[in-house]
Amino acid sequence: MLFVIQISLCQNPKPCYNVAMKTVFLAINSQYVHTLLAPRYLKANSSLPVEIIETNVNTQLSTLFAQLYSLKPDVVAISCYIFNIAFVDRLLQDIRLYLPKVKIILGGYEVAFDTDEYLDVADYIIKGEGDFVFGRLLQDIESGRGEYPKIIEAGQVENLDDIVSPYDDEYASMGDTRILYMESSRGCPYRCSYCMSGGTKPRTFSLERTFDDYRKLMKYNPRQIKMVDRTFNFDVKRATKIFAWLIDNYGDSNTNFHFEMAPELFDEEMFTTLARAKKGLFQFEIGVQSFNAETLSAVGRNANVERIAYNLARLKAMGNIHIHTDLIAGLPHEDYDSFVKGFDRLYEMGGDNLQLGFLKVLKGSRLASEGEGYIIGTLPPYEIVSSPYLTYDQILQLKTCESALERYHNSGRFKTCIDFLIPKYYSPYAFFYGLGEYIANRRGEQTAISATAQCDLLWQYVYDNPPPILDDEQSKSEFFNRLEEYIQTDFKLCGNARKWHRHDNKN
């Protein structure tokens, strides 16, 4: 969710100022490839100059602070999220110590629901959508009027088209090496108890404005434009018009367009339109979260699980859209056996990527105030340790499955092998859990494993734990000959020039 804010005064005045005040906005991303939108919105809608420093949490803190110090800022602004708040907390200590006169403006979910923790370090905390408030606050600081309180309640922007577009040439040109982000709506019609956007009023940019924003970003042929709309297809007809426009105008481009979609909200017109897209043009992130109807009802999702299954199967059968599906372990009324059944069901639907996520109890979410019996980690990302439905031991088992799933399925590097193996085992979950446990027993917590070693581990696991269908020596010999062939195929497809040489106990 963006650090952007609203005020109901005159929109975005742009008077001329001769000021020496320097404002620096630290855009602290989770990784190099990401690009926060919030600073761009606030800069575009401010009449005073704002300099953006693009960085990420993997940067050396001392290096970033030295860069900031050299700029001699008067104002420092930071959007605070679950992925950067630990980094921000340490950085704020240095800013207060070595730049004591600097005015600090904070915003974002991590401070909006925990303002008391930041009142000593921040001069201003903005809560809400700050597109217009931020610029006016800078004017107030520059003039010395002191009209704004320490905590600013900004609310929501009702007419999104009033906001000046943040997609300038500087941002658009970053798309050759980084992901560009864009939004066509704010808010979400769902009331999911685990989500920060649950129950916020949906509002949309006009189609004309949305198409114009796409044109600005497409000037530099970016690799990927990722829409941050919480539920892009909540208005099915509108979403279909945008898909059709992209196909008609950029259907032959090399850009990938990513959307977060509700799996139950597809109609015939949308399927017909999507069928026209070339393979790779669109990528859908589909938050299934659970196939347990009681669970979905408890968190406020109230989705038809059979409709979800039907639509996912239909999307997969089309074959032209990259499908990324999500499950969340730890939701109410979802025990271990129920989750495993849901995992197997979703995996067998054949998505390109299946994210096995773990419930995070976020500040300000309904679950944070209403959930009982949850033991939650005290540090970001506030992931559950156990719940009334899952023990810590069971969560660790799910994490074991997740590690193998990420390495051998979601990576896309072993597609031939995995497609060959999974049908021959008891279930997808059983296979990935067994493989993950096998690797953990041999490699411990080691995360970086070479491509050759991954091939070795896969081969040896299957050799030591052959599928139950192999009931004679001939079928066993044929099976392992094919497996070796498929490992070689995947090894080569991943760009490895050398041939994989097996290291095992097989004679």
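Before reading on, note that the structure itself is shown above.
Keep in mind it's a predicted model, so treat the numbers as computed, not measured. Along each chain, numbering runs from 1 in the same order as the chain's sequence is written. Per-residue local features are limited, in this predicted model, to residues with pLDDT of at least 70; the limit for side-chain atom pairs, both in listing and counting, is 80 or more; totals at the level of whole chains, interfaces and linings are taken over all residues. Note: side-chain values were computed over all heavy atoms of the structure, leaving out hydrogens and water.

A.B. asks: Describe the nonpolar core, listing the residues and the values that go with them.
C.D. replies: Membership of the largest hydrophobic core comes to 114 residues, with the highest contact counts inside it found for Phe259, Phe282, Phe284, Phe431 and Phe432. A run of H or I in DSSP counts as a helix once it spans at least four residues, and a run of E counts as a strand once it spans at least two, with each numbered from the N terminus. Looking at which element gives the most residues to this core, the answer is helix α8 (residues 236-250), with eight residues. The contact rule is simple, with two residues in contact once any of their heavy atoms fall within 4.5 Å. The residues touching Phe282, leaving out its near neighbours within four places in the chain, are Phe243, Leu246, Ile247, Asn256, Phe257, Phe259, Leu274, Ala277, Asn320, Ile321 and His322. By nonpolar core we mean a set of buried residues, namely Ala, Val, Leu, Ile, Met, Phe, Trp, Tyr and Cys, connected to one another through side-chain atoms within 4.5 Å. Type-normalised accessible area, obtained with a 1.4 Å probe on protein chains alone, sets the label of each residue: buried when under 20%, exposed when over 50%, and partly exposed for intermediate values. Membership of the second largest hydrophobic core comes to 27 residues, among which are Leu26, Ile78, Leu91 and Leu92.

A.B. asks: Just give me the short version of a nonpolar patch on the surface, but keep the residues and values in it.
C.D. replies: A surface patch of nonpolar side chains, amounting to about 330 Å² of accessible area, comprises Ile375, Val385, Tyr392 and Leu396. Its location among the elements puts Tyr392 in helix α14 (residues 392-410). Within this analysis, patches are made of residues with over 30% relative accessible area and no salt bridge. Like charges are joined at 9 Å or less; nonpolar side chains (Val, Leu, Ile, Met, Phe, Trp, Tyr) at 5 Å or less. Note on areas: these come from Shrake-Rupley sampling with a 1.4 Å probe, and a residue is covered only by the protein chains present in the view. When a carboxyl oxygen of Asp or Glu is within 4 Å of a side-chain nitrogen of Lys or Arg, the pair counts as a salt bridge.

A.B. asks: Report on the sheet that holds strand β1 (residues 23-29), specifying residues and quantitative values.
C.D. replies: In this description, strands pair whenever DSSP reports at least two bridges between them. Taken in spatial order, the six strands make up an open sheet running β2-β1-β3-β4-β5-β6, and their pairing is parallel. The two strands at the open ends of the sheet, each matched to only one other strand, are β2 (51-56) and β6 (151-155). Going from strand to strand, the sheet's axes swing by 20° on average, the running direction of each strand aside. Pairing analysis gives five bridges linking strand β3 (residues 75-79) to strand β4 (residues 103-107), with the strands arranged parallel. Note on β4: the bridge partner recorded for Ile78 is Leu106. To define axes, lines are fitted to C-alpha atoms, for helices over the stretch in contact only, and angles between the resulting N-to-C directions are given on a 0 to 180 degree scale.

A.B. asks: I'd like a description of the pairing of strand β5 (residues 124-128), backed by residues and values.
C.D. replies: For β4 and β5, the ladder comprises three bridges, and the chain directions are parallel. Along β5, the bridge assignment pairs Gly107 with Ile126. In this structure, β5 lies alongside β6, joined through four bridges in parallel fashion. By the bridge assignment, Gly128 is partnered in β6 with Gly155.

A.B. asks: Residues and numbers for the pattern of salt bridges, please.
C.D. replies: Inspection of every chain in the model, using the stated rule, returns 28 salt bridges. With a closest N to O distance of 2.9 Å, Asp213 and Arg209 form a salt bridge. With Asp213 and Arg209 both in helix α7 (residues 207-218) and four residues apart, this pair spans about one turn of that helix. Judged on exposure class, the residue Asp213 and its partner Arg209 are both buried. Between Lys360 and Glu383 there is a salt bridge whose closest N-O contact spans 3.9 Å. Here Lys360, found in the loop between β14 (353-358) and α13 (366-370), pairs with Glu383, found in the loop between β15 (375-376) and β16 (384-386); they are 23 residues apart in sequence, far enough to count as distant. Its relative accessible area of 30% is what places Lys360 among the partly exposed residues. Three or more residues are tied together by salt bridges with common partners; here these are Glu129, Asp131, Glu183, Arg186 and Arg203.

This is a description of form; function is not addressed.
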